[in-house]
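Commentary on secondary and tertiary structure
Below, each chain spelled out in residue letters.
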Amino acid sequence: MPIAENFPEGLKPLGKINLDDGHFHIMWGPGKTTNVDGSQAEMFADPDVVAAYAARGEEHVPLGVSGTMVAVDWDSCVADGACIEACPVQVFQWYRTEKDIPAKDVIGQTFKGTGSDVKDERKDLTDKADPIREHDCIWCMACVSVCPPAAIKVDQSNVEKHERAAKTL
């Protein structure tokens, strides 16, 4: 199910994911287990993703949306990596290749941006494409056009929403 056209309306800033150069992006929530049409959110419906969480012994919980101008719905993301491969300026990285922690624990973390930006280098299907360098986005929309579950929204006009939310955190 595509990320909401009116994102981030109806969501609240949960916290920041920091890049050690002073940039950050916001995690929005709450997360979801079902889509607006009543179907199960993709990461809960995909048996391979469910198995990956079970193999790690991690609780499989709703996560929310990572980023604002480049937003990835982590509850829809199935760790395909097409966005990572398509991005010409390496906005995304597999967050677990830098810090192998559960996705529910990334809020408040600071990353160096040294995680892998290679499609086939994810840790496993619990990994998520994180728009760690959303500030570098050139608005080409390549990631949006290749994401199998349509979990990405790129909207330069959301910069104001990002700035307003940042003041609350």
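Position numbers for residues start from 1 in each chain and track the written sequence from start to end. Per-residue local features of the predicted model are confined to residues with pLDDT of at least 70, and side-chain atom pairs are confined, for both listing and counting, to 80 or more; whole-chain, interface and lining totals are unaffected and use all residues. In computing side-chain properties, one takes all heavy atoms of the structure into account and sets aside hydrogens as well as water.

**What to know about the overall build of the chain**
Counted only if it meets this: Numbering of helices and strands runs from the N terminus, with a helix taken as a DSSP run of H or I at least four residues long and a strand as a DSSP run of E at least two residues long. Residue contacts are defined here by distance: any two heavy atoms, one from each residue, within 4.5 Å place the two residues in contact. Note that accessible areas follow from Shrake-Rupley with a 1.4 Å probe, and for residues the cover is restricted to the protein chains shown. Note that His is not counted, nor are the chain ends; the positive residues are Lys and Arg, and the negative ones are Asp and Glu. Working definition for charges: the position is that of NZ of Lys, CZ of Arg, CG of Asp or CD of Glu.
Along its length, the chain carries 5 helices and 8 strands. Ordered by position from the N terminus, the helices and strands of the chain form the series β-β-α-α-β-β-α-β-β-β-α-β-α. Referenced to the eigenvectors of the C-alpha coordinate spread, the extents of the chain come out at roughly 35 × 35 × 30 Å. Looking at the chain alone, contacts between residues at least 24 apart form 69% of all its contacts between residues at least 6 apart. Surface accessibility of the chain: about 7,700 Å² in total, with carbon and sulfur atoms responsible for 51%. Computed over 17 positive and 28 negative side-chain charges, the inter-centroid distance for the chain is 5 Å.

**Details of the sheet that holds strand β8 (residues 152-154)**
As a general point, the strands of a sheet are linked pairwise by backbone hydrogen bonds and lie either parallel or antiparallel. Our working definition: Following DSSP output, two strands are said to pair if at least two bridges run between them. Here an axis means a line fitted to C-alpha atoms, over the contact stretch when the element is a helix, while the angle between two N-to-C directions is reported on a 0 to 180 degree scale.
Spatial strand order, β6-β1-β2-β3-β4-β8: 6 strands in an open sheet with mixed pairing. Of all strands in the sheet, those with a lone pairing partner are β6 (110-111) and β8, marking the two edges. Relative to β8, strand β4 (residues 70-73) runs antiparallel, the two sharing 3 bridges. By the bridge assignment, A71 is partnered in β8 with K153. Running at roughly 85° to strand β2 (residues 24-29), helix α5 (residues 159-168) makes contact with β1 (12-19) and β2 of the sheet.

**As for α5**
Test applied: To sort residues, take the accessible area from a 1.4 Å probe on protein chains only and compare it with the maximum for the residue type: under 20% means buried, over 50% means exposed, and anything in between is partly exposed. By definition, the arc is the one covered by directions from the helix axis to the C-beta atoms.
Turning to α5, its buried residues are H162, A165 and A166. The buried residues of α5 occupy an angular sector of 105° when projected down its axis, which confines them to one face. Opposite the buried face of α5, by more than 90 degrees, sit the exposed residues K167 and T168. If you follow the buried residues of α5, they end up packed against β1 and β2.

**Remarks on unusual backbone geometry**
Most peptide bonds take the trans form, and the phi angle of most residues other than glycine is negative. For the bond running from F7 to P8, omega is 5°, close enough to zero to count as cis. Note that P8 resides in the segment before β1. With an omega of 10°, the peptide bond running from G29 to P30 counts as cis. With respect to the element layout, P30 can be found in the loop between β2 and α1 (42-45). Residue A79 is not a glycine yet carries a positive backbone phi of 60°. For Q90, which is not glycine, the phi torsion reads 50° and is therefore positive.

**Observations concerning the pattern of salt bridges**
It is possible for side chains of opposite charge to pair when their charged atoms get near one another. Test applied: What counts as a salt bridge is simple: a side-chain nitrogen of Lys or Arg found within 4 Å of a carboxyl oxygen of Asp or Glu.
Going through the model one piece at a time under the given rule, you end up with 9 salt bridges. Note that D100 is salt-bridged to R56, the shortest N-O span being 3.2 Å. Pair noted here: D100 is in the loop between β5 (93-94) and β6 and R56 is in helix α2 (residues 47-56), with a separation of 44 residues, a long-range link. Between D100 and R96 there is a salt bridge, with the nearest N and O atoms lying 2.6 Å from each other. With relative accessibility at 40%, the residue D100 sits in the partly exposed group. Salt bridges linked by common partners bring R56, E58, R96, D100 and D124 together as one network.

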